[in-house]
Amino acid sequence: MTLSQTNLKREQIETVIIGGGQAGLALSYLLTQQGREHVVLEKREQVGATWRQRWDSFTLVTPNWTLRLPGHHYEEADSDGFLAREEVVSYLEQYAASFDPPLRFGVEVTAVERNPDESGYLVHSNDGAFEANNVVVATGTFQQPNIPAASQALSPSLTQLHSNDYTNPQALPDGAVLVVGGGQSGCQIAQELHESDRRVYLSVGSAGRLPRRYRGRDGMWWADRLGLFDQTPDNLSSPEERFEANPQISGKNGGCDINLHQFARDGISLLGRLNDAREKKVALGHNLHESLAKADKTAAEFRKGIDKYVQETGLNAPPEEVHEPQDGYKQEIITGLDLDDAGISTVLWATGYRWDYGWVKLPIFDDYGYPQQQRGVTPYPGLYFLGLHFMHKRKSCLFYGVGDDAQHIAAHIDSRMK
């Protein structure tokens, strides 16, 4: 029996959008404007489900002016501020309420395949099947928490959780915390734990660092002026760069720097990459100083790019002398850590996410298992992706850029159906 024969309940519809986050809503808005028939299938029970899972004190790291969903640009007075978790959810709820998208909650898609006659697609779900001319996968890039295999070798007496399940310091058992992962989430959580008087050990990787402000402007304002948001995959030195950790930066308290040297000065113990684990002992790499140097270099090159831009454009942005701490280089390189001796009761894996498109039953994936597409348009007529990391530009997965890609796909669908 084939997949196409497994569902008796079938519904015919022009376009199925899989995922009701910002990408799916953006496209639904545009298709609604065009009067095109469609449905949005969301496996959770509420709008903004992914954002609701963030930790309690979470804020965006991009300023509010980057919230530019089609028909719903952020226009409040605090455009240079950073929305908190609840405010992001409210922004999406207001967006959905503004045009009443055809959302169906609690519908989880289990497979997408071509119709036997290749006239369209069959979308299988826990609520029957949909026959569609067009299918748009708008589930984002990173759906599944990525927890290293080393976690399985740790003692069951330790509390282990992914950053996806972290809420606040009070929810963790007493004791020190080992945070594994030095990207945005890992650094922000480590900082919060330290501020709550926890002893914190932070195992870092290869993430870069950006200044929150420089020469009187927010770092993201400068990134926009320098064209970094508009970088395309062919600007990168290798395909792997698409999946590198986001740079260290925070929107907390109106926006602040994340600097591992300051962490060291404040008393957070910095460690190299976690290579292995057994019971209550972990093996660590020698890469701490190299990781610090990479983060420092990223920040220095970013400021250098800004200086050049100011010089070339004559922009009124007074020079700024920067003096950064270097305390991290003074920290001893530790290659092994006994968690009992360190008083560590919790290991928090801030090790990112992985993608899972195994339910898309078409050979459209590259050697990384990533969808092959051009600005969301795949080689299969009527099959699209939206909201992917570096799908068309760096900003394709952000509130700032997903609307542009959604407009491209909406126009493509409209032209195809005429």
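Since this is a predicted model, take the numbers as computed values, not measurements.

(A) Looking closely at the sheet that holds strand β16 (residues 274-278). Spatial ordering of the open sheet is given by β16-β17-β18, a layout of 3 strands whose pairing is antiparallel. Two strands lie at the open edges of the sheet, namely β16 and β18 (336-338), each paired on one side alone. Taken pair by pair, the neighbouring strands of this sheet meet at an average axis angle of 20 degrees, ignoring direction. Where strand β17 (residues 281-284) meets β18, 3 bridges bridge the pair, whose relative direction is antiparallel. Bridging across to β18, A283 finds its partner in G336.

(B) Representation of the sheet that holds strand β19 (residues 344-349) in the model. The 5 strands lie next to each other as β10-β19-β11-β12-β15, forming an open sheet whose pairing is parallel. Two strands lie at the open edges of the sheet, namely β10 (159-162) and β15 (269-271), each paired on one side alone. Here the average twist between neighbouring strands, direction ignored, is 20 degrees. Here strand β11 (residues 176-180) pairs with β19 via 5 bridges, running parallel. Counted as the bridge partner of A176 is I344 from β19.

(C) Spotlight on the nonpolar core. Among the nonpolar cores identified, the biggest contains 85 residues, and L202 and L386 are the most heavily contacted of them. Filtering out sequence-adjacent residues up to four positions away, L202 remains in contact with V179, G181, G186, C187, A190, L260, F263, I268, S269, L270 and L271. Within the second largest apolar cluster, 18 residues are counted, among which are A150, V180, A277 and V282.

(D) Inspection of the packing of helix α1 (residues 22-34) against helix α3 (residues 85-99) at higher detail. Packing of α1 against α3 brings their axes to within 10 Å, and their N-to-C directions diverge by 20 degrees. Here α3 runs roughly parallel to α1, going by the angle between their axes. As α1 packs across α3, the resulting crossing turns out to be left-handed. Contacts between α1 and α3 pair Q22, L25, A26, S28, Y29 and T32 from the former with L92, Y95, A96 and F99 from the latter. Of the residues contributing to the contact of α1 with α3, the split by class is 7 nonpolar, 3 polar and no charged.

(E) Region of interest: the side chain of H124. Among the structural elements, H124 can be located in strand β7 (residues 121-125). In this structure the side chain of H124 is engaged in a polar contact, spanning 3.0 Å, whose partner is the side chain of E113.

(F) Region of interest: the environment of L288. Inspection of the secondary structure puts L288 in helix α7 (residues 288-313). Classification of L288 by relative accessible area gives buried; the value is 1%. Counting along the chain gives 122 residues from L288 to A410, while the straight-line C-alpha distance between them is 46 Å. In contact with L288, not counting residues within four places along its chain, are V204, L270, L271, G272, Q331, E332 and I333.

(G) Quick look at the packing of aromatic side chains. Taken as a whole and assessed by the stated rule, the structure comprises 18 aromatic pairs. On the numbers, 5.3 Å between centres and 85 degrees between planes, the contact of W55 with F58 is edge-to-face. Like W55, the residue F58 is buried in the burial classification. Here the aromatic cluster, defined as three or more aromatic residues joined through ring pairs, consists of W51, W55, F58, Y91 and F399. Sitting over the ring of W51, R54 keeps its end group 5.1 Å from the ring centre.

(H) Summary view of α3. The terminal C-alpha atoms of α3, which comprises 15 residues, lie 23 Å apart, in line with the 21 Å expected from a rise of 1.5 Å per residue. Elements that come into contact with the buried residues of α3 comprise α1, α2 (49-52), β3 (68-69) and β4 (72-73). Looking at the residues trailing α3, positive phi occurs at D100, about 50 degrees.

So, how was this worked out
- Residues numbered from 1 in each chain as written.
- Predicted model: local features only at pLDDT ≥ 70, side-chain atom pairs only at ≥ 80, totals over all residues.
- Heavy atoms only, no water.
- Pairing = 2+ DSSP bridges.
- Helix = DSSP H or I, 4+ residues; strand = E, 2+ residues; numbered from the N terminus.
- Axes fitted to C-alpha atoms, helices over the stretch in contact; angles between N-to-C directions.
- Core = buried A, V, L, I, M, F, W, Y, C linked by side-chain atoms within 4.5 Å.
- Buried < 20%, exposed > 50% of the residue type's maximum accessible area, 1.4 Å probe, protein only.
- Contact = heavy atoms within 4.5 Å.
- Parallel < 35°, antiparallel > 145°, perpendicular 65-115°, else oblique.
- Left-handed = near helix turned anticlockwise from the far one by under 90°.
- Nonpolar A, V, L, I, M, F, W, Y, C, P; charged D, E, K, R; others polar.
- Polar contact = N/O pair within 3.5 Å; in protein donor to acceptor, adjacent residues only side chain to side chain.
- Phe/Tyr/Trp six-rings, centres within 6.5 Å; stacked < 30°, edge-to-face > 60°.
- Lys NZ or Arg CZ within 6 Å of the ring centre and 35° of its normal.
- Expected span 1.5 Å × (residues − 1).

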